[in-house]
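One letter stands for each residue in the lines below.
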Amino acid sequence: MLASTSLISSCENSGNQANPDLSPTGKPTIAAVNYPLAYFAERLSAEFAEVLFDPSPGTDPAYWEPTDNQVSSIQQADLILLNGAGYARWTSSRTIPYEATVITSTSFEDAFIKLQDGIRHTHQRGTASHTHEGVASTTWLDLMQASAQASSTAEALIEQFPEHSDSVSRELESLLTDLGDLDRQMRTTTAALRGADLVVSHPVYQYWTRAYELSAHSLHWEPTQELGASEMSELAATRTEGASARYFIWETQPSQENLDKIKIAGFINIVVNPCGGRPRNGDFLKVMRENISSLNKGIPQGASTGAVEP
Amino acid sequence: MRSSSIVYLSWKALRYRPLRSLLLIGTIALTLYFPRALQEFINRSEEVLSARARSTPLLIGPRGSSIDLTLNALYFTSQELPALRYSSYEALSQKNYGKTIPIYSRFLAGQSPLVGTSLAYFKLRGLTVSTGRTMTRLGDCVIGANLAQNENLQPGDTITSSPENIFDLAGVYPLRMRITGILAPNRTPDDDAIFVDLKSAWIIEGLAHGHEELSRSETLELQRDSKGEFLRANASVIEFNEVTDTNVGDFHFHGDRGNYPLSSVILVPHNQKQRALALAHYGDPVTAEQIVIPAVAVEQLAKTLFATQRLAFTAFTLLGIAALALALMVFLLSFRLREREMLTYSKIGATGRAVACLQGVEVLVIIAAATILAQAGIVLTRSAAQDIFTRLIS
């Protein structure tokens, strides 16, 4: 699906018109805006293409700002995979070839979760007022949506490189099986969290909580930030009366000091890494399995109020 | 009388009356030049028009004059038709009819057309960046070779868009754009144009803007309308008129992008089937857009040019006949005035044939000089026709 919608992109039936701009290895290049898409592209096109994903490990691709040289490299790509849902804001302020871009979340854009945290305002008297509202963008944490994005990626690859359609289809089948297994494991694991007092450190889990029928209160904390009295009060205010267990979901491994503070506050620490950026070790599937493992270790302790080391 | 003597005496006679000789040469040269030059200009213009039209397979735009649509897309003439909605472009892109290249050619920077498009445009036209690099972010532009040379512009310099109406004080700010590259010359209107990302053109349109964070209470006033309360940024909120590395993240778009304007979309089908499907789809009068084959539109324009050419050719021919008759009269009068001179030649032994040769050589020298001059003018016209035509039409 070489499609374009809201991000001013377009689709092109590139068909047999593969771009002659090749990587130094002579292979076509596929650029991706986040690691899940880069991983899908790597799995699907390992035989014939190279994947360009510049943000280094530890960088959040959602807020990455490419240099002019990096944009020039991306412009040369045969295919540019966008996440959609407003992810990677740089894509709307940089020049990328519309005809090579694919928004991988188009098939479920009606299911985007709207965020209403902007203020309605106007700039000039007489002009219409507006709100800078957006949608939640960590779409792949719903692993079925991740499967849809993988399928979109495969369709775009087949359209761009029809001569590799067999290998792409074969790899897609394998990838969808892996993602399906993960989804089932995640669903089984998180079943015990339904109705629990769940606090997440960052507002990136909207699709995850919706997909697995959870309810979470979002904070805006960094795993390494110092948690003072105000933060602890904020945390205490999230407590739901009557909840039997309380869990705190971190994006990445927090500092030991923060682990201890959360533990003292009566929460069980769990790490669920969204994996937007390239992990230092392993790949997307490994990180998701680690997330499930972290949940499996933390959830059983919900009956008691003891904390678990993530 | 020897031939060399005849030539010598003729040359002396012509030099003795230089003004008369030059006037005759000029008159005859212009008489020969104009009809041929017009023909050359029209032929070359048609070639230029056709070449650019042929490299633009299909054009989708709002309904209206196909020639206006074609000239706007190919020569960046003023946009006479209403805008095409961006949603139409999106719909076209999803129809799998081929490569789609958006064109938004409405604004100017000085006298130069400012064209919002995608990077695919450069590939379509075979344009390469000779100095610098292509645009990479909002507010970047690449400019044509002529513009760079005439205005002495280099990558790193800036160029500012012109407001459409200088009296619209409340209108959008002109955008100061960063020149990132100079295109190699290709002797088309692209040489005089400024190319920006489509999104940059929308900033100039006022559909996107950047401003400082609306977080300071002193920048906001509480207002109320039918939808409830909202905040109005007061005059202290500065809107950016230039995109920089620092503020690029603050630029944002408002409204439904489906309603954003375009001038037209160049459609490049990859095969005959896609072309036929596109022609069939947009050939339906129910659709809001029209499809134009630029080569056909240009052919219509060329027919108009040919009609003009025929009219002008007839006028020039009649004028030429009159001018030649006048030249003939000048020759005859001149020979009458020189009767005594010719009589002297006869008395000193020149035969009647030699005297006739003497007069004939004078006429031949003048006609030859006029022909050479006219031909030189025609050659110059032929070589300059493309540039002249491009400038005239743009």
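Calculation criteria
- Residues numbered from 1 in each chain as written.
- Chains lettered and ligands numbered in written order.
- Predicted model: local features only at pLDDT ≥ 70, side-chain atom pairs only at ≥ 80, totals over all residues.
- Heavy atoms only, no water.
- Domains from an automatic or database assignment.
- Buried area = accessible area lost by both parts, 1.4 Å probe.
- Salt bridge = Lys/Arg side-chain N within 4 Å of Asp/Glu carboxyl O.
- Polar contact = N/O pair within 3.5 Å; in protein donor to acceptor, adjacent residues only side chain to side chain.
- Helix = DSSP H or I, 4+ residues; strand = E, 2+ residues; numbered from the N terminus.
- Nonpolar A, V, L, I, M, F, W, Y, C, P; charged D, E, K, R; others polar.
- Pairing = 2+ DSSP bridges.
- Axes fitted to C-alpha atoms, helices over the stretch in contact; angles between N-to-C directions.
- Contact = heavy atoms within 4.5 Å.
- Buried < 20%, exposed > 50% of the residue type's maximum accessible area, 1.4 Å probe, protein only.

K.L.:
Can you break down the domain arrangement of chain B residue by residue, with the values?
P.N.:
All names here are of chain B. Assigned domains of chain B: these are domain 1 (3-48 + 303-393) and domain 2 (65-207 + 255-292). Each of domain 1 and domain 2 has a C-alpha centre, and these two points are 48 Å apart. Interface of domain 1 and domain 2: buried area, both sides summed, is about 660 Å²; carbon and sulfur atoms make up 44% of it. The interface formed by domain 1 and domain 2 holds one salt bridge in total. Between Arg 187 and Asp 387 there is a salt bridge whose closest N-O contact spans 3.6 Å. Taken together, the links from domain 1 to domain 2 amount to two residue pairs in polar contact (both at pLDDT 80 or more). Of all the elements, helix α11 (residues 352-393) adds the most residues to the side of domain 1 that touches domain 2, at seven residues. When the residues that make up the side of domain 1 that touches domain 2 are grouped by side-chain class, the tally is three nonpolar, three polar and two charged.

K.L.:
Describe the sheet that holds strand β11 (residues 246-250) of chain A, with residues and values.
P.N.:
Residues and elements named next belong to chain A. Read from one edge to the other, the open sheet built from four strands follows the order β10-β9-β11-β12, with strand pairing classed as parallel. The sheet is open, and its two edges are formed by β10 (216-218) and β12 (268-271), each paired on a single side. Averaged over neighbouring strand pairs, the angle between their axes works out to 25° when direction is ignored. Sheet topology note: the β11/β12 ladder contains four bridges and is parallel. Of the residues in β12, the one forming a bridge with Tyr 247 is Ile 268. Seen against the sheet, helix α9 (residues 284-298) touches β11 and β12 and runs at an angle of roughly 165° to β12.

K.L.:
Explain the side chain of B:Thr77 residue by residue, including any values.
P.N.:
All names here are of chain B. You can see Thr 77 is positioned in the loop between α3 (66-75) and β2 (84-85). Residue class for Thr 77 comes out buried when judged on its relative accessible area of 15%. For Thr 77, the side chain forms a polar contact with the main-chain oxygen of Leu 71, separated by 3.4 Å. Leaving out residues up to four positions away in the same chain, Thr 77 has contacts with Asp 68, Leu 71, Asn 72, Ser 105 and Ile 393.

K.L.:
Got a sec to walk through the sheet that holds strand β2 (residues 50-52) of chain A? Specific residues and values, please.
P.N.:
Residues and elements named next belong to chain A. Judged by pairing direction, the sheet is parallel, and its four strands sit side by side in the order β2-β1-β3-β4 without closing on themselves. Strand pairing shows two members of the sheet lacking a second neighbour, β2 and β4 (101-103), which therefore form its edges. On average, adjacent strands in this sheet sit at an angle of 25° to one another, irrespective of strand direction. Here strand β3 (residues 79-82) runs beside β4; their pairing, made up of three bridges, is parallel. Bridge pairing in β4 links Leu 82 to Ile 103.

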